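A closer look at the structure
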Amino acid sequence: MTAQERKEKTEAYLKELDIPFNFGLPPIEEESEAIIRTAADIAKRVFILVYLGVYAEDGDKEEIIEFFKSEGLWDSVSEYEKKLLSKKKLTEKDKIDISWQSEGIYLMLWAINKIDHLGLPIDQCNIGEMLDLLPNAFDSTKDFIQNATVRPTAEILDKSDLIYRLHWAAREADSKDEDIPGNIDIGIIQKWHYAINWITYYDENWDDILTDT
């Protein structure tokens, strides 16, 4: 499937859902040009975000940092995340921002075949059910990371194209102070878009990902 065909397929699906779309939004990358992060890299990012969530819930940051280092995750922690871990105390905004990362975790677990069906970004994910898919707190992550498998590139790109166009629809309605079509949650779609753009190498570094529409 070409990028243009993927765009047209997504637009037809959005039409079925009665969700508006922008004909002017370009296709995403061609499958032959796409670069998808490895399952191991995605799994590592899942654990980093999960344990940042533990930190935001008043977890022991020294224990978390030591865990990252012992599990070989520290080099994958972003510069911004290291700054968060260096703070004496997180602000309420920090905690809220970290808590929203659970939606990105959900998408990444889908990308590595831990969640079968992603659905639409309408309802917030069940954090307890997600955590049940992972090793117990502070248990080794190594088997999980080594055994993770990433979905086919075509499947990742199908979802990327859909998320891109859904995010446009959500932003367009929000900018006009209108109800967002399809009951799409703009906070969820933002985090899905961020995560899928990282998975597809929109930028090298987690901190620098953009969600253009």
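Residues numbered from 1 in each chain as written. Predicted model: local features only at pLDDT ≥ 70, side-chain atom pairs only at ≥ 80, totals over all residues. Heavy atoms only, no water.

1. Some thoughts on the pattern of salt bridges
Following the criterion strictly, the structure yields twelve salt bridges and no others. Residues Glu11 and Lys7 are paired through a salt bridge, measuring 2.6 Å at the closest nitrogen-oxygen approach. Of this pair, Glu11 and Lys7 both sit in helix α1 (residues 3-16), four residues apart, which is roughly one turn of that helix. In terms of burial, Glu11 and Lys7 fall into one category: buried. Close ionic contact of Arg165 with Asp161 constitutes a salt bridge, the shortest N to O distance being 2.9 Å. Here Asp161 and Arg165 lie together in helix α8 (residues 153-175), a separation of four residues that amounts to about one turn. What emerges from the salt-bridge pattern is a single network uniting Arg6, Lys9, Glu31 and Asp158. (Salt bridge = Lys/Arg side-chain N within 4 Å of Asp/Glu carboxyl O. Helix = DSSP H or I, 4+ residues; strand = E, 2+ residues; numbered from the N terminus. Buried < 20%, exposed > 50% of the residue type's maximum accessible area, 1.4 Å probe, protein only.)

2. Observations concerning α1
Since there are 3.6 residues in each turn of an α-helix, residues three or four apart along the chain are aligned in direction. Over its 14 residues, α1 extends 20 Å from the first C-alpha to the last, a length consistent with the 20 Å expected when each residue adds 1.5 Å. Considered for burial, the residues of α1 that qualify are Ala3, Arg6, Lys7, Thr10, Glu11 and Leu14. The arc enclosing the buried residues of α1, seen along the axis, measures out at 135°, which places them on a common side. Residues of α1 that are exposed and point over 90 degrees away from its buried face: Lys15 and Glu16. In this fold, the buried residues of α1 make contact with α8. One or two steps after α1, the chain reaches Asp18, where phi turns positive at roughly 60°. (Expected span 1.5 Å × (residues − 1). Arc of directions from axis to C-beta. Contact = heavy atoms within 4.5 Å.)

3. Observations concerning the environment of Trp192
Structurally, the position occupied by Trp192 is in helix α9 (residues 186-199). For Trp192, a relative accessible area of 3% puts it in the buried group. In this structure the C-alpha to C-alpha distance between Trp192 and Glu155, which are 37 residues apart in sequence, comes to 15 Å. The residues contacting Trp192, other than those within four sequence positions of it, are Glu103, Tyr106, Leu107, Leu118, Gly119, Leu120, Pro121 and Ile163.

4. Focus: the packing of aromatic side chains
A complete count under the given rule lists nine aromatic pairs for this structure. Here Phe47 and Phe144 contribute two aromatic rings whose centre-to-centre distance is 5.1 Å and whose plane-to-plane angle is 80°, an arrangement assigned as edge-to-face. Residue Phe47 is located in helix α2 (residues 39-56), and its partner Phe144 is located in helix α7 (residues 142-147); the two are separated by 97 residues in the primary sequence. The burial state of Phe47 is the same as that of Phe144; both residues are buried. (Phe/Tyr/Trp six-rings, centres within 6.5 Å; stacked < 30°, edge-to-face > 60°.)

5. Re a negative patch on the surface
A cluster of acidic residues, Glu5, Glu8, Glu30 and Glu33, forms a negative patch on the protein surface. You can see Glu8 is positioned in helix α1. (Patch = residues over 30% accessible without salt bridge, like charges linked within 9 Å, V, L, I, M, F, W, Y side chains within 5 Å. Areas by Shrake-Rupley, 256 points an atom, 1.4 Å probe, with all protein chains shown as cover. Lys, Arg positive; Asp, Glu negative; His and termini not counted. Charge placed at Lys NZ, Arg CZ, Asp CG, Glu CD.)

6. Points about the packing of α8 against α9
One can describe the packing of α8 onto α9 by two numbers: an axis separation of 9 Å at closest approach and a directional angle of 145°. Our pair here, α8 against α9, has a crossing hand that is left-handed. Residue-level inspection shows Ile156, Ser160, Ile163, Tyr164, Leu166, His167, Ala170, Arg171 and Asp174 of α8 in contact with α9, the latter providing Ile186, Ile189, Gln190, Trp192, His193, Ile196 and Ile199. For the contact of α8 with α9, the residue count by class is ten nonpolar, four polar and two charged. (Axes fitted to C-alpha atoms, helices over the stretch in contact; angles between N-to-C directions. Left-handed = near helix turned anticlockwise from the far one by under 90°. Nonpolar A, V, L, I, M, F, W, Y, C, P; charged D, E, K, R; others polar.)

7. With respect to the confidence of the model for the protein
The share of residues in the protein with pLDDT of 70 or more is 100%, and the mean pLDDT across the chain is 96. When pLDDT is averaged over each element of the protein, α9 comes out on top at 98 and helix α6 (residues 127-131) at the bottom at 93. (pLDDT = per-residue confidence, 0-100.)

8. A few points about the environment of Ala137
When you line up the elements, Ala137 lands in the loop between α6 and α7. For Ala137, a relative accessible area of 57% translates into the label exposed. Residues Ala137 and Thr2 lie 135 residues apart in sequence; the distance between their C-alpha atoms is 43 Å.

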